[in-house]
Structures are given as C-alpha cells and as structure tokens.
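As a plain string of letters, each chain reads:
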Amino acid sequence: MFTVTFMFTVTFTFMFTVTFTVTFMFTKKGCCMKIIVAGTGYVGLVHAAVCSEYGHEVYAYDNDHRKIEAFSSGEAEEIEQYVNEPGLANIIRETVGKYLFFSSDLNGIIEGVDAIFLSLPTPPNLNGSTNLVFYDAAAADIAQALAGREDERRVVLVNKSTVPIGTARHLQEIMNAHEVANFGVASNPEFLAEGTAVNDARKPDRVVVGCDHDADFNILRRVYSQFVNHVRIKYIETTPETAEAIKYVANTMLLTYISFWNGVGAKIGESFPNVRIDDLRLGVTADERISTWGSFVSNGAGGSCFGKDIASLIYQLRGANVNTKMLEASYEVNEYQKVYLVERAITEAQFKFNNKTIAVLGLAFKKRTNDMRDASSIKVIESLLGKGVAKIKAYDPLAIENAKQVFAPSQNILFEKIKYHPTARAAVEGSDALFISSDCEEFRGISRTIEEMVSPPYLVMDGRRMIPDFEDLAAKGYDYLAVGSVVMRPDPQSL
Ligand code: UDX
C-alpha cells in the first residue's frame, strides 16, 4: 500500500511539474514580454504601470534618482508628488517588485528586452518646433546600451510621446550610428487625457501601431495582446509616419473643435441677447455626428498637449510649404479666448481694474489636476496684472504649489501681488471682482459664497459658465459676465 501511494505521489508530482513548466514556458513565450519604458512622466509611468498589470516584466527607467526612489516605494504620497493620476498609485503598489521595477541603470536592465518605449519630454521651441534635446539624449543612451548587449534578440524601439512626423526614422538613424544590431522602430502614440489616464490606458478607443517590419508588429501584438481582436477597441497597424500623423491630427482636430465653439458658438451668444448658448449647444450636439465633448465654451483650452502640438504641426507643415491658415486660426482663437473676458469686462461691464482686488478661482488647466502647463489662468493673471490690479487672491484645490513656481516673483516682480488662499471662500472675501478660470466642480456652488462674502457692485467673470443660477445672482445686483452670453447688469430701477 505504501509503495502504491509513494508511486502515485511521485508520478503525480512529476506530471504536475511537467505540466506547470510547459504551461509557464508557453505563457512566458506567448505573453510575458520584457519591456523598458524610458521616461517616467505621466505618459511613461501610466503606460509602465498598466503594462505591468498584464503580467509583462516592466522596467521603468529614468535618470532622475529621486523619482525612481519615490516610485519604487509604492507609497501613494511619494508617487503622487510627481504624477497624480487617480488609480495609478494603487496599481504601482500592487505590481512593484513583482512585475514592475524602477531603475536608473540602463545597462543593468537591457539584456533580454523585447520593446523599449520612449516617453520623454518634448517641449516646444520658441518658433513652435518640437525640442528633441531630451529625446535625443535618451535615444543615444539607449543606443549605447543596446550596442553593448550580449543577447541579440530583436528589440523594437517605440515612440510613445508625441514627436514630429519622421521621428521614428530619426530614431533609426541614431541606432544605426551606434551600430545597434537587430532592432526595429515604431510609433505608438498615446491618447491619454489627464485625470482619466489610467482608465484611458486600460480601455483605449484605439491602439495605433506604426512599424516597418512584421517582426516588430508581432512584438507589439504580444505587448498589447489584450487589445488585438478586441470587440470594441480598434487595433490599427500602419506605417510609423501615419501613426505619428494620427496623433497630431487628433489633437489639432480636438482643439479646432473647441475653438469652433469658442470662436463661433460663444460669439453668437455674446452678440444676440436672446440666444442661450447652453440650449444652442444641446440643439447642435443632438446630431449624433457632432460631439458633445469640446462644445463647452470656455476661456480657452490649456494643458501640455493642444497648444504645443498645434504649434508643432504648423511648423512641420510650413516646412513642407503648406498653407496653415486653418490651424493658425484655431490656435489664435484659443489664445485670444484666454484673455478676452478681461477686455469685455472693461468694454461691456465698464469695470476699472486699476487698484482693484480680484479673486481668481481655478489655476490648473482643468479640473482634477495640479497641472499648470499652458493653463488659461496664466494669461488671465498676467492680463489682470497688466491692467494695474492691486492684488490677486488665488485659489485652486490642487495646483497652488505648482502655481507658486509658475508665478515666481523672481521671474516677474508683479507676481508678488498674488496671494494664495486655502478655500474659494477665503479668496472671494474682500475682493472687488471674481474670475473663474477652470471647471472645478466645487465652483458650481460659488454664488452662495459670493452672496455671503461680498456685496454689489461686484463683477463675476465666468470663464467656464460654472454658475447655474447666474440669473438669480444678477437679479441680486451682481454684474455677471460669462463666455457665451451678453453681460448681465442689474437694472438700477429694480434694485
Ligand atoms: C488632451 C486630449 O484630450 C488627449 O487625447 C491627448 O492625448 C492629450 O491632450 P488633456 O490635455 O488631458 O488631454 O485635456 P482635455 O481633457 O482634452 O482638455 C483640454 C483643455 O480643453 C482643458 O483646458 C479643458 O478644460 C478644455 N475643454 C475641454 C474646453 O474648453 N471645452 C470642452 O468642451 C472640453
């Protein structure tokens, strides 16, 4: 009996081990890829984290040691001081040390790599062109590491950040110059929006992959196996140049659509008193061909992508001798939109800014972010300071620390006039007028604060149409000036 049990146990253990090993080998070969993500900004970090969720062995590489240390800790507080995206810290906490690793040592992680994603900062030059200094430096480091590897398996280098059309080709030249063997280049642009980046990466509308060779398409199909043949997500395979162009066309089209509403819809509402912009929007977007997203009129669209990408595309097309009037108009409408409420306050509400105290609510470029890049508030505040205001009382739920850096008095002595407040209420207290510059949800209830803290005459400049009961506010004697409407000033007889 003992012998039978022993034989059974040995056979079972042997069969289990064989099955497990074969399954593991198969899984490893079929799914798990070794990926390096170079650059841990919000695009790179989100991409690395979400790839690690799918069981890939992911190395997020950055030459900033402080970031690497913070991300490796898996602690939300540490991670969020660099990238604050809902859900991101949770993923990192769960995958770090298992599937996700952080490193500043490229040579130490290069062996056996299948794909290297480049997600590096690409800031604009003054002429609108894309500055590739950081990109080129990282590409050269990667080339050097690849040239020195022992394992010569095929590796695909993938541009993740938005880079000019032709940059994959440029990357190929950098690799060739370093005599890197057995590599391919690809473009795989990212379409994440801030604040929803994790969700967007897990459930994208589309995955765009541009390669030259089947071998590289195959590697990326394995990286994105969860999206290939998906019922809803479009998996698009094309040339690297087309993939690069898709990102530019998508972003400039989104900005152009916003500019259309700001430059046409809002102007109709501001010119004809009986046109209600909110109803206009509903009526027009009821047509399913016309998007609701982008139809919310505003004091301009900001953020790290739109302005920079349209300027870069204009530069690229001018280089190809193309007439860029349409893109220029879209860009100009957006820039003008950021400051024109301040001008309207003077001409339509007869407001005199000189020596006044102005509350500014909403400093980040949109709600639920601390990102100040290209935020409309920057132009608004500069314009107010240019009109001679005595003081600006600023509030934002997330962006005050970043705003302090943007408005550093060392850059402009006038920024000393900006004081920061912990609540909207504190910012409004004692002010002569209010400017709402972002769409933070909490501003929807601001009319009560206004009524409690300040008395008419008082001007509300609403850059985001955040006050639903503006008619009540105006009926109580406050001047109300919003994007998309004629000014509402109380009739002195009715007060
Ligand atoms: C954008 C794109 O949406 C994303 O696909 C791309 O990858 C990066 O750029 P993001 O910069 O995060 O994402 O911001 P988004 O939510 O698109 O908003 C951009 C700006 O447009 C914000 O200032 C926003 O407030 C403004 N906006 C948006 C409007 O003024 N009106 C609208 O109806 C929508």
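It should be noted that the structure appears before, not after, this text.
Here's what I pulled together on the structure shown here. None of these values were measured; they are calculated from a predicted model. (Residues numbered from 1 in each chain as written. Predicted model: local features only at pLDDT ≥ 70, side-chain atom pairs only at ≥ 80, totals over all residues. Heavy atoms only, no water.)

**A closer look at the site of the ligand**
Reasoning step 1: Not every one of the 20 residues close to the ligand is listed here, only the nearest: E194, S298, F365, K366 and R464.
Reasoning step 2: Contacts to the ligand include G302, whose backbone N or O atom sits 3.0 Å from an oxygen atom.
Reasoning step 3: Coverage of the ligand by the protein chains reaches 91% of its 660 Å² of free accessible surface.
Reasoning step 4: A total of 3 residues in the shell around the ligand trace back to one element, the largest contributor, which is helix α11 (residues 240-271). (Near = heavy atom within 4 Å. Polar contact = N/O pair within 3.5 Å; in protein donor to acceptor, adjacent residues only side chain to side chain. Areas by Shrake-Rupley, 256 points an atom, 1.4 Å probe, with all protein chains shown as cover. Helix = DSSP H or I, 4+ residues; strand = E, 2+ residues; numbered from the N terminus.)

**Topic: unusual backbone geometry**
Reasoning step 1: The residue after P456, namely P457, is reached through a cis peptide bond having omega 0°.
Reasoning step 2: Position of P457 relative to the elements: it lies in the loop between α18 (446-453) and β13 (459-462).
Reasoning step 3: A positive phi angle is found at D374, which is not glycine, with a value near 60°.
Reasoning step 4: Of note, D374 is situated in the loop between β9 (357-361) and α15 (376-386).
Reasoning step 5: Taking relative accessible area as the criterion, D374 reaches 30% and is therefore assigned partly exposed. (Buried < 20%, exposed > 50% of the residue type's maximum accessible area, 1.4 Å probe, protein only.)

**Brief notes about α15**
Reasoning step 1: The buried fraction of α15 is high, at 8 of 11 residues.
Reasoning step 2: For α15, every residue scored as buried is listed here: S376, S377, I378, V380, I381, S383, L384 and L385.
Reasoning step 3: In the core, the buried residues of α15 are packed alongside α14 (325-347), β9, β10 (391-395), α16 (400-406), β11 (418-420) and β12 (433-436). (Contact = heavy atoms within 4.5 Å.)

**Quick notes on the sheet that holds strand β7 (residues 206-211)**
Reasoning step 1: Spatially, 8 strands are ordered β3-β2-β1-β4-β5-β6-β7-β8 in an open sheet, and the strand pairing comes out mixed. For this open sheet the edge positions go to β3 (100-103) and β8 (234-238), each flanked by a neighbour on one side alone. Each neighbouring strand pair of the sheet contributes to a mean axis angle of 25°, computed without reference to strand direction.
Reasoning step 2: In this structure, strand β5 (residues 155-159) lies alongside strand β6 (residues 183-187), joined through 5 bridges in parallel fashion. Bridged to V155 within β6 is F183.
Reasoning step 3: Here α11 sits on the sheet and contacts β5, β6, β7 and β8; the angle it forms with β7, its principal contact strand, is near 140°. (Pairing = 2+ DSSP bridges. Axes fitted to C-alpha atoms, helices over the stretch in contact; angles between N-to-C directions.)

**Quick look at the nonpolar core**
Reasoning step 1: Judged by nonpolar contacts, the single largest core of 43 residues is most densely connected at F117 and L220.
Reasoning step 2: Element by element, the count of residues in this core is highest for helix α2 (residues 42-53), at 8 residues.
Reasoning step 3: If we ignore the near neighbours within four places in the chain, the residues touching L220 are F117, V156, V158, A186, V209, C211 and Y235.
Reasoning step 4: Counting 38 residues, the second-largest nonpolar core is a separate cluster that includes L341, V380, I418 and L481. (Core = buried A, V, L, I, M, F, W, Y, C linked by side-chain atoms within 4.5 Å.)

**Some thoughts on the environment of A138**
Reasoning step 1: On the secondary structure map, A138 appears in helix α7 (residues 133-147).
Reasoning step 2: Placed 14 residues apart in sequence, A138 and E152 show a C-alpha to C-alpha distance of 20 Å.

**Comments concerning the pairing of β5**
Reasoning step 1: Along β5, 5 of the 5 residues are buried, which leaves the element largely enclosed by surrounding structure.
Reasoning step 2: Here β5 shows a buried face lined by V155, L157 and N159 and a second buried face lined by V156 and V158.
Reasoning step 3: Inspection of the sheet shows strand β4 (residues 115-118) paired to β5 by 4 bridges, in the parallel sense. Bridge pairing in β5 links I116 to L157.
Reasoning step 4: What joins β4 to β5 is α7, and the crossover it makes is right-handed.
Reasoning step 5: A crossover links β5 with its parallel partner β6, the connecting element being helix α8 (residues 167-177), and its sense is right-handed. (Right-handed = clockwise from strand over helix to strand, strands pointing away.)

So far we have only geometry, and geometry alone does not tell us how the molecule works.
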